[in-house]
Amino acid sequence: MYDASLWQPSADMATLQKRAQLFSTIRGFFSRRNVMEVDTPCLSLASITDPHIEVLTSHTHSLGSALTYYLQTSPEYAMKRLLCAGSGSIYQLGKVFRAEEIGRRHSIEFTMLEWYRVGFDHWQLMDEIEQLLACVLQNDALKCERLSYQQAFLRYLDLDPFTASLRQLQECAHKHTEYGLQEEDRDTLLELIFASVIETAIGQNEPCFIHDYPTSQAALAKIYQDAKGQSVAARFELYWQGMELANGYYELTDAEEQQQRFNEDKQSRQALGLAERQFDERLISALQAGLPDCAGVALGIDRLLMLLCEQQHIEAVLPFAHQRA
């Protein structure tokens, strides 16, 4: 039976005012730094290849041809094309879409802040994120903890994620989740352990950056040697009070390496029996033209607002949650 009250917004007006103020603060922060705001399409003829993220699609006919458009999970590819075209440092504050299970921290449609800083590496970008949070919180004394991926595993599990055997990872996952004894993929086990143990422990008192991920989890980040001479991914994630807020990279600029990673993702999708997607050839062409040395990050605005408003469910900070859309 239809509920006539569903016309009402999900969030109360006080929260919506805080949402508007957050948007204004963010735009002011980047304006003072001469970072240009951009507005890229929500729909694209190409999609991400990541086998762990599902996308929403739209099918249409144009000039007698059937076309599949993908609702973007991130503006990353389009923004990188702008960077290759000479935009300089840019940011975007807008809607993105993921076909995820709706839950306390997940919505099919959500708001993302994504920005790219030309000439920055991931360490400098972490500094700027800290400055943005200090601005949003009006707390100049804010400091974020920084832990390497390896340090986090050693601190909370006394387990080295780089040297542990597959059997050790399986047993650790099973101990903490009751799953994993049959899992053969190291990254799946590491992600399961991280989510169930480390994610809930870090960033309780102050935000915490986790950096230097395994190279197998590099995604679109460069690979480099850490202080121990170990190959790691130049990427980071930001956690605060049990929630992942941001995911950033010292961006991969090599078109051939990017093409190879797309191909590896394609093979992974085939092995998992997932639908094939059209990867973004325009991005490869742009990278061939030249992506400037830069670092980029995506930050979940709705999750940040949840923390600022001390809300436990994402619906409480959205103007109209999924059942009210």
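Residues numbered from 1 in each chain as written. Predicted model: local features only at pLDDT ≥ 70, side-chain atom pairs only at ≥ 80, totals over all residues. Heavy atoms only, no water.

**Some remarks on the pattern of salt bridges**
At step 1: In the structure shown here, the tally under the stated rule is 12 salt bridges.
At step 2: The closest approach of N and O atoms between R27 and E37, which form a salt bridge, is 2.9 Å. With R27 in helix α1 (residues 13-32) and E37 in strand β1 (residues 36-37), this residue pair connects regions lying 10 residues apart in the sequence.
At step 3: Here E37 falls in the partly exposed class, since its relative accessible area comes to 36%.
At step 4: R33 is the salt-bridge partner of E128, the closest N and O atoms lying 3.8 Å from each other. (Salt bridge = Lys/Arg side-chain N within 4 Å of Asp/Glu carboxyl O. Helix = DSSP H or I, 4+ residues; strand = E, 2+ residues; numbered from the N terminus. Buried < 20%, exposed > 50% of the residue type's maximum accessible area, 1.4 Å probe, protein only.)

**A few points about the environment of Y70**
At step 1: In this fold, Y70 is placed in strand β4 (residues 65-71).
At step 2: Once the C-alpha coordinates of Y70 and H176 are considered, the two residues, 106 residues apart in sequence, prove to be 37 Å apart.
At step 3: Excluding residues within four positions of it along the chain, Y70 makes contact with C42, L43, S44, L45, A46, S47, V55, L56, T57, R277 and Q278. (Contact = heavy atoms within 4.5 Å.)

**Some words on helix α2 (residues 76-84)**
At step 1: All of the buried residues in α2 are E76, Y77, M79, K80, L83 and C84. In an axial view of α2, the angular spread of the buried residues amounts to 160°, which keeps them on one side of the axis.
At step 2: Among the structural elements, β5 (90-97), β6 (109-118), β11 (243-250), α7 (255-271), α8 (281-290) and β12 (294-300) are those in contact with the buried residues of α2.
At step 3: Positioned one or two residues after α2, G86 has a phi angle of 100°, which is positive. (Arc of directions from axis to C-beta.)

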